[in-house]
Amino acid sequence: MKLIGSYTSPFVRKISVILLEKGLVFEFVNHSPWSEDSPVLQYNPLGKVPALVDDQQLTWFDSAIIAQAIELRGEAPAMLPADPLQALQVCQLEKLADGISDAALVIVREQMRPGDQQSEEVLLRNREKIQRGLDALETAAAQGELLGSDTLNLADIATGCMLGYLNFRRVLPNWCVNRPALVRLAQSLFERESFARTVPPAS
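Values in this document were obtained by computation on a predicted structure and should not be read as measured data.

**With respect to helix 5 (residues 154-168)**
So, point 1. When the terminal C-alpha atoms of helix 5 are compared, their 21 Å separation across 15 residues agrees well with the 21 Å that a helix rising 1.5 Å per residue should span.
So, point 2. The element helix 5 is extensively covered by neighbouring structure, given that 14 of its 15 residues are classed as buried.
So, point 3. Sitting at the amino-terminal end of helix 5 is Asn153, which places a side-chain oxygen 2.9 Å from the backbone nitrogen of Ala155.
So, point 4. With its phi angle positive at about 55 degrees, Arg170 sits one or two positions after the end of helix 5.

Structure follows, in structure tokens:
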């Protein structure tokens, strides 16, 4: 298998963690989707990462779809509950974490613009999205049934990669305030080998 992406993307990291947790061998191809001559378009017409070329040479894109494609292979450990409703609930939490990552990416890109061209409305709107999303994930993690349970799942991994991205890009540095369940979840995830091996480079 070949995983195309950037070392700094939380979505690419999510897929890397899943593959490592399942012990699947893959080649990582580091391509930024932002460069003018980026080859990412060869794998995803939307020009986004990650993309995955599987053993049958099928190409998959969008991290949630890639995660499902990997899950269909049947390798242990399973990243979704066997119960269909619970599996859908886990996927919804995964998408919530992904949505927070999307909002964080918007903030990072906006802050790369010259100061006088940055939109305070865009920054505020996306910070509010992140706050609301984190509050919802805190509630789920405190319940400990679909997020932060004894069994690692897609929602856990997506949440861990999202929190790692917030830390890495220093988006909302105080996210941990009044969110003890998310702090505990992050600490337990960051101790796993799969997360340790996928920490974004410092520069």
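Here the narrative resumes, following the displayed structure.
**Quick look at the pattern of salt bridges**
So, point 1. One pass over the full model with this rule turns up ten salt bridges.
So, point 2. Across the salt bridge formed by Arg73 and Glu75, the nearest N and O atoms sit 3.1 Å from each other.
So, point 3. For Arg73, a relative accessible area of 32% translates into the label partly exposed.
So, point 4. Glu75 gets classed as partly exposed once you look at its relative accessible area, which sits at 27%.
So, point 5. Put simply, Glu110 and Arg113 hold a salt bridge, and the shortest N to O gap is 3.3 Å.
So, point 6. Exposure remark for Glu110: the relative accessible area of 11% places this residue in the buried category.

**Structural notes on the UniProt feature "domain: GST N-terminal" (unreviewed entry) in the protein**
So, point 1. UniProt records the feature "domain: GST N-terminal" (unreviewed entry) at residues 1-78, using the numbering of this structure.
So, point 2. A helix fraction of 27% and a strand fraction of 18% characterise residues 1-78, whose end C-alpha atoms lie 19 Å from each other.

**Re the sheet that holds strand 1 (residues 2-5)**
So, point 1. Spatial ordering of the open sheet is given by 2-1-3-4, a layout of four strands whose pairing is mixed. Each edge of the sheet is formed by a strand with only one pairing partner; in this case those strands are strand 2 (27-30) and strand 4 (59-61). The mean inter-strand angle of the sheet, taken between neighbouring strand axes irrespective of direction, is 20 degrees.
So, point 2. Where strand 1 and strand 2 come together, four bridges link them in parallel fashion. Opposite Ile4, over in strand 2, you have Val29 as the bridge partner.
So, point 3. Packed onto the sheet, helix 1 (residues 10-21) meets strand 1, strand 2 and strand 3 (51-53) and runs at close to 160 degrees relative to strand 1.

**Remarks on the packing of aromatic side chains**
So, point 1. Inspection of every chain in the model, using the stated rule, returns two aromatic pairs.
So, point 2. Ring centres 4.6 Å apart and planes at 15 degrees place the aromatic pair Tyr7 and Phe28 in the stacked group. Note that Tyr7 is positioned in the loop between strand 1 and helix 1 and Phe28 in strand 2, a separation of 21 residues in sequence.
So, point 3. Residue classification places Tyr7 among the partly exposed positions, given a relative accessible area of 44%.
So, point 4. Residue Phe28 is classed as partly exposed on the basis of its relative accessible area, which comes to 23%.
So, point 5. With 6.1 Å between their ring centres and 50 degrees between their planes, Phe190 and Phe195 make a pair best called tilted.
So, point 6. On the basis of relative accessibility, which here comes to 0%, the residue Phe195 falls in the buried class.

**Topic: the nonpolar core**
So, point 1. Formed by 58 residues in total, the largest nonpolar core has its most connected members in Ile130, Leu134 and Leu166.
So, point 2. Every element with two or more residues in this core is listed here: strand 1, helix 1, strand 3, helix 2 (63-71), helix 3 (84-111), helix 4 (120-143), helix 5 and helix 6 (180-190).
So, point 3. Mapping this core onto the domain boundaries places at least three of its residues in each of domain 1 (2-72) and domain 2 (84-192).
So, point 4. Once you skip the residues sitting within four places of it in the chain, Leu134 turns out to touch Ile100, Met162, Leu163, Leu166, Leu172, Trp175, Arg179 and Leu182.

**Here we look at the packing of helix 2 against helix 3**
So, point 1. Interhelical geometry of helix 2 versus helix 3 gives an angle of 145 degrees and a closest axis separation of 11 Å. Seen along the crossing, helix 2 lies across helix 3 with a hand that is right-handed. Of helix 3, the residues touching helix 2 (which contributes Ser63, Ala64, Ala67 and Gln68) are Cys91, Glu94, Lys95 and Asp98.
So, point 2. Residue composition of the contact of helix 2 with helix 3, grouped by class: three nonpolar, two polar and three charged.

Here is what the cut-offs are and how they apply
Throughout, a residue's number is its position along its own chain's written sequence, starting from 1. In keeping with the model being predicted, local features are shown solely for residues with a pLDDT of at least 70 and side-chain atom pairs are shown and tallied solely at 80 or more, while totals for entire chains, interfaces and linings include all residues. Side-chain numbers here rest on the full set of heavy atoms in the structure, without hydrogens or water. Starting at the N terminus, helices and strands are each numbered in turn, a helix being any DSSP run of H or I of at least four residues and a strand any DSSP run of E of at least two. For a helix, the expected span equals 1.5 Å multiplied by the number of residues minus one. With a 1.4 Å probe rolled over the protein chains alone, any residue whose accessible area is under 20% of its type maximum counts as buried; one over 50% counts as exposed, and the rest are partly exposed. In protein, a polar contact requires one atom able to donate a hydrogen and another able to accept it; more generally it is a pair of N or O atoms within 3.5 Å, and residues adjacent in sequence count only if both atoms are side-chain atoms. We count a salt bridge whenever a side-chain nitrogen from Lys or Arg sits within 4 Å of a carboxyl oxygen from Asp or Glu. UniProt positions are given in the numbering used here, feature names are shortened, and annotations may be inferred rather than shown by experiment. In this analysis, strands are considered paired if DSSP registers two or more bridges between them. Here, axes are lines fitted to C-alpha atoms. For helices the fit covers the stretch in contact, and angles between N-to-C directions go from 0 to 180 degrees. Pairs of residues are marked as contacts when any of their non-hydrogen atoms sit within 4.5 Å. Pairing of aromatic rings covers Phe, Tyr and Trp, the last through its six-membered ring, and needs centres within 6.5 Å; plane angles under 30 degrees mean stacked, over 60 mean edge-to-face, and all others mean tilted. In this description, a nonpolar core means a group of buried Ala, Val, Leu, Ile, Met, Phe, Trp, Tyr and Cys residues linked to one another through side-chain atoms lying within 4.5 Å. Boundaries between domains were set according to an automatic or database domain assignment. In this scheme the handedness of a crossing depends on how the near helix is turned from the far one: anticlockwise by less than a right angle means left-handed, clockwise means right-handed. Classes in brief: Ala, Val, Leu, Ile, Met, Phe, Trp, Tyr, Cys and Pro nonpolar; Asp, Glu, Lys and Arg charged; the others, Gly included, polar.

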